[in-house]
Amino acid sequence: MPLPVLVIDSHTQGEPTRIVVSGGPDLGNGSIEERLQRFSAEYDHFRSAVVCEPRGSEVVVGALLLEPVQPASSAAVIFFNDVGYLGMCGHGTIGVLTTLAYLGKVKTGPHTIETPVGNVQATLHEDKTVTVENVASYRYRSAVTVEVARYGSYTGDIAWGGNWFFLIANPPCPLTLDNRLELIATATAIRTALQEKEITGADGALIDHIEFFSAPHDARNSSRNFVLCPGASFDRSPCGTGTSAKMACLYHEGTLSPGTVWRQEGILGTVFEGSIREGQDGEVNPSIRGRAWVTGESKLLFAEDDPFAAGIKF
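S.K.: Quick rundown of the overall build of the protein? Include the residues and the values.
M.R.: A tally of regular secondary structure across the protein gives 5 helices and 16 strands. By the compact-globule yardstick of 20 Å for 314 residues, the protein fits well, its C-alpha radius of gyration being 19 Å. Among the 314 residues that make up the protein, the fraction classed as buried is 52%. Here the analysis covers contacts within the protein between residues at least 6 apart in sequence; of these, 63% occur between residues at least 24 apart. A total accessible area of about 13500 Å² is found for the protein, and carbon and sulfur atoms account for 48% of it. Charge centroids of the protein, computed over 24 positive and 36 negative side chains, lie 4 Å from each other.

S.K.: Can you tell me about the nonpolar core, naming the residues and giving the values?
M.R.: Core analysis: the biggest nonpolar cluster contains 58 residues, and Phe 166 and Ile 190 have the highest contact counts within it. For Ile 190, the residues in contact, after removing those within four places along its chain, are Val 146, Val 148, Tyr 154, Phe 166, Ile 168, Ile 210 and Phe 212. With 21 residues, the next largest nonpolar core counts Val 20, Ala 49, Val 50 and Val 60 among its residues.

S.K.: Got a sec to walk through the pairing of strand S1 (residues 5–12)? Specific residues and values, please.
M.R.: Walk down a regular strand and you will see the side chains alternate between the two sheet faces. Within S1, 6 of the 8 residues are buried, which leaves it mostly tucked inside the rest of the structure. As paired strands, S1 and strand S16 (residues 284–300) are joined by 8 bridges and run antiparallel to one another. The partner of Ile 8 across the bridge, within S16, is Glu 297. Sheet analysis places S1 next to strand S2 (residues 15–22), joined by 7 bridges and oriented antiparallel. Bridging across to S2, Ile 8 finds its partner in Ile 19. Linking S1 back to S2 in an antiparallel pair, the connection comprises 2 residues, with Gln 13 at a positive phi of about 50°.

Definitions and limits used
Residues numbered from 1 in each chain as written. Predicted model: local features only at pLDDT ≥ 70, side-chain atom pairs only at ≥ 80, totals over all residues. Heavy atoms only, no water. Helix = DSSP H or I, 4+ residues; strand = E, 2+ residues; numbered from the N terminus. Rg over C-alpha atoms; globule rule 2.2 N^0.38 Å. Buried < 20%, exposed > 50% of the residue type's maximum accessible area, 1.4 Å probe, protein only. Contact = heavy atoms within 4.5 Å. Areas by Shrake-Rupley, 256 points an atom, 1.4 Å probe, with all protein chains shown as cover. Lys, Arg positive; Asp, Glu negative; His and termini not counted. Charge placed at Lys NZ, Arg CZ, Asp CG, Glu CD. Core = buried A, V, L, I, M, F, W, Y, C linked by side-chain atoms within 4.5 Å. Pairing = 2+ DSSP bridges.

Spelled out as structure tokens, the structure:
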């Protein structure tokens, strides 16, 4: 990593995004999926250097901006965190479009953003909120019970919202920040049990997000959630892909109609407004609306003799 890496930091309803605007690896041409494979195989040290300590933390989600495949697209992006790569990131997409507007690269209106799991449409509104039309989402299995060592049994739905989720309606404790350590520990144990029992998403896909739900603290909202992300960090925002997965489950249950606004409250009390359109073969096309704020611009430096140039990996 001989060059300085220029990044812009933002947060979306509390969840940080670090966008690499220059100094990233040359991933060549090809599809976004092919470039993600090259990123993972040859430049994983860059991922950890940008988002892991001492330059980042376990909660930071990184976004590498790429040249899009389609000329009409506004951007292409690969999302990643301290332990790996994300297919899609709802809060991150809101952060990307907000950052592109900050840089003067986009104006209000609709934009196409290319991701490894497909193109998403994102609209920058005059009030600086962003609506993300996520990839098609669906419930894969319902009422799946898993036995969790030392924690008992938990029943939830398996759903796709751009990432794979196990969604649980009965959390082990109230969804508050004071209980975050218990929530992290329980959700981590559930994720481990799913892997040990070989309970997966479609085609054996790893379920790497665990989502608890409860009644909202604010009566104006529809639900409150807590989301364990890949690794040991929880989502500070209401989670865009998690809200998409939840709405897909509600649609399959017949309790959420197309066009109805679903207000998902996160662990900080911030809100994403969601809705769905009917898709094909039982899928839904979810939309998420939220706001991001740019928090800083940085130049990341990497000394050749720094033992943690590639980040600290726990």
